[in-house]
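# Descriptive analysis of the structure
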Protein chains: 2
Amino acid sequence: MTGLLWTQEDMALIRGHVDQPGRLGQSLGELTDQVDEALTAGVVVPGQGDPGSYEHNTHKHNAKLIEHAALLGRVKDNPAYLDLARDLLLKYARQYRSMPYQVAKNTNPPGKLFHQILNEHIWLVGASLGYSLLGEHLHQDERERIESGLFQPMLDMFTVTYAHDFDRIHNHGLWAVAAVGLCGLAIGQTKPVDQAIFGQDGSGETGGFLAQIDRLFSPDGYYVEGPYYHRFAVHPLCLFAEALALHRPELGIHERSEQRIGRSIRALLATAYPDGTFPALNDASRTMDIDDEGVRVALAVHIGRYGAVPELVDMAVQQGGTWVHRCGAVLAEAVQAAPATCPVPSALLADGSGGQAHLKQGEGARRHHLVVSAGQHGMGHGHFDLLGLSFFSGGRERLTEYGFCRWVNVEPKFGGRYLAENEGYAKQSVAHNLVVVDQSSQHRGDHYLADECHGRIEQFVDRSDIDGLTAVCGSTDDAYPGVALRRHGILLTLDPSAPPLLIDIVEARSGDNHCYDYVFNPAGQIIRWWGGYTPRETLDVLGDGHGYQHLWVVGEQQSTGGGACEHAMTWLDGDRFTTWHQYSEHPATAMQLLVGANDPEHNLRHEKKVMSRVHADSTLFVNVFEQHGFFDEASERCQQARPDIRHIEVKRLSEERIEVTLIFAWGEERLIVDPRAASGDGYITFKGGDK
Amino acid sequence: MTGLLWTQEDMALIRGHVDQPGRLGQSLGELTDQVDEALTAGVVVPGQGDPGSYEHNTHKHNAKLIEHAALLGRVKDNPAYLDLARDLLLKYARQYRSMPYQVAKNTNPPGKLFHQILNEHIWLVGASLGYSLLGEHLHQDERERIESGLFQPMLDMFTVTYAHDFDRIHNHGLWAVAAVGLCGLAIGQTKPVDQAIFGQDGSGETGGFLAQIDRLFSPDGYYVEGPYYHRFAVHPLCLFAEALALHRPELGIHERSEQRIGRSIRALLATAYPDGTFPALNDASRTMDIDDEGVRVALAVHIGRYGAVPELVDMAVQQGGTWVHRCGAVLAEAVQAAPATCPVPSALLADGSGGQAHLKQGEGARRHHLVVSAGQHGMGHGHFDLLGLSFFSGGRERLTEYGFCRWVNVEPKFGGRYLAENEGYAKQSVAHNLVVVDQSSQHRGDHYLADECHGRIEQFVDRSDIDGLTAVCGSTDDAYPGVALRRHGILLTLDPSAPPLLIDIVEARSGDNHCYDYVFNPAGQIIRWWGGYTPRETLDVLGDGHGYQHLWVVGEQQSTGGGACEHAMTWLDGDRFTTWHQYSEHPATAMQLLVGANDPEHNLRHEKKVMSRVHADSTLFVNVFEQHGFFDEASERCQQARPDIRHIEVKRLSEERIEVTLIFAWGEERLIVDPRAASGDGYITFKGGDK
């Protein structure tokens with residue numbers, strides 16, 4: 001054994017990739033650049049600093065450096081690299097005990113190097129992995145200095161000082177147990193390892209790694225906080241599991257709970273958009289992607305431990321490198337043999353009650369991916385976005401998520417932490433693509449209430465190979481008191497050479513009159529509101545709470561007449577036009593909005609929004625998002641800037657069955673939607689159209 | 001001779017690139033794809049349509065197709081390609097005579113295929129080149145049908161019906177003479193060729209190609225309408241010149257007027273930003289780049305005829321293909337041999353009176369390029385942007401040009417033509433990065449008046465290799481009655497590992513009180529206004545004319561005290577922060593603005609602006625744009641989000657000499673700026689600083 005995660009044979013295998021092309025060779029090259037640069041700079045261990053500060057960043061970097069320098073030292077048999085890792089550890093060991101605790105800056109308890117203990121956990125993971133690789137390169141007294149000066153006080157802090165936090169079933173808890181377990185293995189202490197595996201009470205049920213595996217993820221592997229935190233949680237999950245597979249093989253960790261680790265990796269990766277970014281569900285950045293370090297590790301582990309599923313290999317092709325590990329070598333081989341493109345299956349990720357639907361059509365980078373959420377709230381990072389929808393197609397998110405309101409690690413932005421506007425806007429229902437009732441967020445914007453509730457998936461069908469249809473029906477009765485909401489998200493490919501239509505039907509039912517706001521977020525440039533539009537000269541704020549206080553009204557399109565009405569608007573984003581067509585059962589005022597009001601610190605992005613507002617007891621919005629045409633400004637080429645759909649006609653056949661007729665320039669297409677159908681075949685049927 | 005522009009030897013040379021890597025092989029591959037697709041689709045010649053319509057686009061495409069199919073037919077000895085070109089020509093010949101004229105949609109006279117004659121000229125260029133390649137592939141009667149049915153009526157239209165327009169010294173005139181000349185050569189008629197070369201009066205001075213060469217471009221090759229129209233004008237310039245070099249070699253066309261054609265190509269390419277896009281000076285799109293077809297031809301011609309200047313070869317490396325011509329083959333070879341990077345010299349493009357300065361520092365894609373305009377107005381496409389400035393660095397335009405207000409070829413946007421907001425906003429002074437006086441555009445927004453005036457370049461110095469300084473001083477006395485304006489644009493590299501500072505000094509002198517608005521356009525996200533900021537809850541329009549009616553006020557930073565004041569604001573764009581520091585000699589209110597008010601048709605882009613307003617007789621703004629730090633959201637890495645400059649101190653040493661002291665966290669740097677210095681050495685000197 002050369003270290004916690006690498007056998008002698010693994011090292012030999014990895015060594016064969018040095019200076020070679022391919023994913024693993026690429027990553028070895030990057031690590032070498034990083035470590036060589038650090039060698040030139042010498043050992044730099046600063047004091048304490050604020051979140052996002054130079055000190056903060058340097059400590060983060062140093063943990064990576066300890067791990068990477070030690071790893072490269074072994075891979076390349078280079079004692080200079082091993083010395084660097086050793087010297088860093090010794091320097092930290094000299095000052096860690098006497099370092100005071102930081103002042104807490106958020107709800108997490110503070111560490112010494114960092115303002116929140118979580119960062120200290122992550123730091124210990126890297127340092128432990130690096131230390132485990134140094135082996136006989138260290139003298140006995142160096143060993144003692146590092147263990148007594150650095151590792152022991154850290155373990156004490158994590159398991160004694162913050163004992164109350166150690167068993168928490170949460171992504172932070174997962175990092176805590178991984179840190180303590182890996183460190184315990186690295187210094188040969190059984191007690192912290194057992195605590196890390198079985199929890200403080202030793203049962204393996206209330207805390208510790210086994211309980212985290214069983215309880216943090218749904219049986220499908222779904223993680224309730226969403227992909228952004230899932231990719232963060234999957235990292236310690238994979239690292240500690242690899243260590244246990246080598247050092248506690250009797251646990252059969254990769255098989256546990258019907259391969260929950262493998263399921264969790266697949267569930268995470270099933271959420272990724274075609275360009276590799278993760279949909280920004282709940283608190284999340286809009287740019288986090290499959291090249292994240294945790295995802296690199298997870299993808300390698302899946303391919304190494306659970307097999308090279310084609311759509312996962314396809315993702316590995318998109319990555320810029322991989323984990324320097326035996327699993328990374330297996331992945332590198334799979335990438336070499338990968339076909340140019342492969343079909344990517346739709347997925348329904350059940351979370352025990354409702355779930356999250358990922359509807360996918362097409363192949364390659366321009367394929368289509370619709371997300372409809374009808375599952376649990378995401379705890380403290382949850383957004384009030386039940387029955388929310390987002391849509392990616394043709395290389396871009398067409399109906400966008402706003403994501404979190406946070407500039408991670410940007411120190412002048414509140415130390416890079418969550419900003420007030422995250423609660424004020426980003427989490428609120430109106431920030432999402434859905435129907436807001438009475439200008440209030442779901443569950444009154446109350447996380448505790450929302451965590452008690454969940455949506456339902458009523459239908460989920462993928463017939464894309466048969467008749468071009470992929471669809472999901474989700475619903476909730478408890479997001480708003482006395483209002484039942486149901487949403488159908490439908491991808492329909494009529495012409496295989498064109499993008500599918502996104503048909504989005506939202507039905508609200510109530511015995512009382514309500515204000516229903518259908519909202520969505522387009523990106524890019526408005527081309528035209530079809531049928532008139534009145535701009536506002538002065539921009540007023542739309543409302544006074546639940547996110548409405550951050551919206552300006554830019555202009556509006558009134559409905560004509562007192563009955564059902566239609567709206568249509570075309571926008572351009574990148575090389576493609578999208579037209580939103582709406583049939584509304586009641587008179588609706590459609591508004592063009594702009595995000596950014598009441599934002600003294602410039603924390604919000606000025607993005608466009610569209611809202612269609614109806615006052616009714618029960619109502620129905622049938623929306624079609626039609627992508628069409630082509631535009632390239634640089635070459636000044638443009639085609640089909642106008643939509644093909646002329647009208648939408650809607651009939652209610654019975655209480656819940658709906659007939660939708662799309663009237664095109666060239667004919668019509670009729671769908672009957674029956675949410676109560678016994679089978680996916682009966683859920684949506686086509687009738688007498690020109691299809 | 002195989003065609004107008006290709007000898008038998010050229011064809012053999014080109015043939016050697018088929019299915020080969022390299023620029024020419026790449027372009028041959030693209031042409032083959034294009035023509036093969038058209039072969040499958042068959043001959044499609046629609047009737048007449050609106051600007052931007054399917055018919056419009058198809059006619060445009062067909063001219064290219066005639067040229068490319070014929071060219072590939074010869075390169076690949078494939079009669080099917082030649083047939084396609086022939087059939088297209090015959091189809092047009094059958095219907096052209098009887099086709100009615102279109103209705104004019106702008107100030108240009110209408111053609112038959114297109115709503116403006118310009119497009120018909122361009123069409124004839126392609127068709128003539130294609131026709132010239134068909135040669136013996138056509139029967140005599142086919143020849144006659146094409147010439148009498150298509151080419152003769154076109155020549156008549158251009159030289160008789162629109163005789164009054166034919167001699168116009170303008171980019172449209174250049175297309176007209178190239179079309180008539182190339183067609184004349186292709187059908188063997190001397191008269192139109194002579195007209196095209198020497199103009200209608202045969203003098204070669206008032207009209208025709210020779211006069212265009214001599215008079216359309218300044219001795220430096222500068223084209224007054226700006227790079228967007230320059231790249232459009234250079235295309236027929238190069239094509240017709242190549243034909244004349246082969247068929248009228250006695251004209252020595254490439255040598256004419258001290259190699260004016262070569263100078264013009266170099267002047268155009270000197271304006272290109274490091275990413276290959278052209279600065280959007282005057283009416284221009286923000287995405288037009290060196291991969292435009294005209295630029296591909298021009299760059300090939302320069303390398304083929306005038307030599308492989310290193311910075312031009314460097315641009316060819318950035319292109320995605322080249323011209324299928326002997327010159328393209330020479331270029332492809334030069335690209336093969338190109339070094340990884342090369343220095344790119346600064347350039348002052350004199351236009352006979354003032355000029356346009358392009359200050360450049362650094363190498364590679366992240367290098368720096370500052371543009372300061374102090375030359376002529378751009379005729380009908382001119383913007384009122386005398387002493388305007390734009391700045392590109394680190395892969396992005398940091399101080400952006402708005403460009404034109406037009407969605408080229410987007411049919412629902414007024415047929416793709418110029419929109420009312422082009423006059424209303426895009427051309428107005430306030431849309432640019434400069435000082436606006438009394439909320440009015442320069443020259444009262446009057447093109448005729450502006451065309452009579454011009455700026456002056458007072459200093460231009462490039463000492464980047466010596467002391468890191470590149471600078472220009474421009475001035476104007478006649479943009480506003482009774483107000484003299486002078487601007488110093490200075491790039492100063494203090495630390496070669498960091499981007500240069502942009503120091504921007506604007507001095508206004510008048511005997512009367514005026515309102516001076518220093519405005520600039522940042523892109524991206526505001527991070528922070530240093531020293532307080534008051535947002536507006538309701539957004540009001542800033543003014544009522546000269547572009548101000550399209551601006552909303554988002555918030556402001558008041559000055560403190562009654563004397564000189566400082567402002568500072570940091571924004572983030574891409575991976576880099578920029579901080580604007582301003583010293584203002586008088587109390588200034590700085591405002592955050594948003595473009596988009598009074599825009600019923602959604603023709604404007606919602607972009608950010610900053611304005612600092614002073615009321616004074618004479619005043620001085622000293623601005624420093626400091627780029628710093630690094631941010632990558634996907635990897636959540638951030639460094640140095642705060643600027644290093646703490647204050648700016650300014651002293652007037654005499655009427656025109658100014659001392660500027662930049663106070664950094666680590667020391668200070670002092671510059672003395674003397675616009676009247678006799679030499680570039682004396683223009684800007686450093687004094688007692690820590691440099």
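Residues numbered from 1 in each chain as written. Chains lettered and ligands numbered in written order. Predicted model: local features only at pLDDT ≥ 70, side-chain atom pairs only at ≥ 80, totals over all residues. Heavy atoms only, no water.

Take the pattern of salt bridges next. Pairing is possible between side chains of opposite charge, provided their charged atoms come close. Here the structure, examined in full by the defined rule, presents 69 salt bridges over all chains. The partner of E411(B) in a salt bridge is R642(A), and the shortest N-O contact between them spans 2.6 Å. Taken together, the residues span two chains, with E411(B) in the loop between β5 (396-399) and α16 (420-426) and R642(A) in the loop between β21 (637-639) and β22 (645-652). Residue R366(B) is joined to D575(B) by a salt bridge in which the shortest nitrogen-to-oxygen separation is 3.3 Å. With a gap of 209 residues between them, R366(B) in the loop between β2 (355-361) and β3 (368-374) and D575(B) in the loop between β15 (565-573) and β16 (576-584) connect regions that are remote in the sequence. (Salt bridge = Lys/Arg side-chain N within 4 Å of Asp/Glu carboxyl O. Helix = DSSP H or I, 4+ residues; strand = E, 2+ residues; numbered from the N terminus.)

Moving on, we come to the relation of the copies chain A and chain B. Rotating chain A by 180° and moving it 0.0 Å along the rotation axis overlays it on chain B with an RMSD of 0.0 Å. These values place the two chain copies in the arrangement generated by a two-fold rotation axis. Judged by C-alpha distance, L539(A) is the residue of chain A that lies nearest the rotation axis, at 2.4 Å. Most of the interface of chain A is mirrored in chain B: 100% of its interface residues are interface residues there too. (Least-squares fit on C-alpha atoms with pLDDT ≥ 70 in both. Contact = heavy atoms within 4.5 Å.)

What follows covers the sheet that holds strand β24 (residues 667-673) of chain A. Residue and element names in this part refer to chain A. Ordered by their spatial adjacency, four strands build an open sheet running β22-β23-β24-β25, and the pairing between neighbours is antiparallel. Each of the sheet's edge strands pairs with one partner strand only, and the pair in question is β22 and β25 (684-686). The mean inter-strand angle of the sheet, taken between neighbouring strand axes irrespective of direction, is 20°. Inspection of the sheet shows strand β23 (residues 658-664) paired to β24 by seven bridges, in the antiparallel sense. Across the sheet, I658 pairs through a bridge with V673, a residue of β24. (Pairing = 2+ DSSP bridges. Axes fitted to C-alpha atoms, helices over the stretch in contact; angles between N-to-C directions.)

All names here are of chain B. Under the 1.5 Å per step criterion, the end-to-end length of helix α8 (residues 171-187) is 24 Å for 17 residues, consistent within 8% with the ideal 24 Å. Counting buried positions along α8 gives 16 out of 17 residues, so the element sits mostly inside the fold. One or two positions beyond α8, positive phi appears at G188, with a value near 70°. (Expected span 1.5 Å × (residues − 1). Buried < 20%, exposed > 50% of the residue type's maximum accessible area, 1.4 Å probe, protein only.)

Turning next to unusual backbone geometry. All names here are of chain A. With phi around 50°, H443 is a residue other than glycine that occupies positive phi space. In this fold, H443 is placed in the loop between β6 (434-437) and α17 (447-452). Since its relative accessible area comes to 5%, H443 is described here as buried. The phi dihedral of H546 falls on the positive side, at around 55°, and the residue is not glycine.

Contacts between the two partners involve 50 residues from chain A and, on the opposite side, 51 residues from chain B. Roughly 4,400 Å² of surface becomes buried between chain A and chain B when both sides are summed, with 55% attributable to carbon and sulfur atoms. When the area that chain A buries against chain B is broken down by residue, the three leading residues are P412(A), H602(A) and E636(A), summing to 16%. Inspection of the chain A/chain B interface yields two salt bridges. Applying the counting criterion to the chain A and chain B interface returns 28 residue pairs in polar contact (both at pLDDT 80 or more). (Buried area = accessible area lost by both parts, 1.4 Å probe. Polar contact = N/O pair within 3.5 Å; in protein donor to acceptor, adjacent residues only side chain to side chain.)

Okay, the state of the cysteines next. Scanning the model with the defined rule gives zero disulfides over all chains in all. C238(A) supplies the cysteine sulfur nearest to C327(A), a cysteine that is in no disulfide, at a spacing of 8.7 Å. (Disulfide = S-S within 2.5 Å.)

Counted under the stated rule, the structure contains 40 aromatic pairs over all chains. Seen in terms of ring centroids, Y228(A) and Y229(A) are 5.0 Å apart; in terms of plane orientation they differ by 85°. Their pairing is edge-to-face. A residue is classified by how much of its surface remains accessible, and Y229(A), at 7% relative accessible area, is buried. Ring centres of Y402(B) and Y425(B) lie 5.2 Å apart, and the angle between their planes is 90°; on these two criteria the pair is classed as edge-to-face. (Phe/Tyr/Trp six-rings, centres within 6.5 Å; stacked < 30°, edge-to-face > 60°.)

Overall, the predicted model of chain A reaches an average pLDDT of 95, with 99% of residues at or above 70. Predicted as a complex, the structure gets a pTM of 0.95 and an ipTM equal to 0.94. (pLDDT = per-residue confidence, 0-100.)

Once that is clear, we can look at the side chain of H325(A). All names here are of chain A. Along the chain, the position of H325 falls in the loop between α14 (310-318) and α15 (326-336). For H325, a relative accessible area of 1% puts it in the buried group. Among residues more than four places away in sequence, those in contact with H325 are L5, W6, I14, L24 and E242.

The next thing to look at is the sheet that holds β3(B). Residue and element names in this part refer to chain B. The sheet built from five strands is open, its strands ordered β1-β2-β3-β4-β5 with antiparallel pairing. The open sheet has two free edges, formed respectively by β1 (347-350) and β5, since each of these has just one partner strand. Across the sheet, the axes of successive neighbouring strands diverge by a mean angle of 20°, strand direction being ignored. In this structure, β1 lies alongside β2, joined through four bridges in antiparallel fashion. Across the sheet, the residue bridging to L349 is Q356, located in β2.

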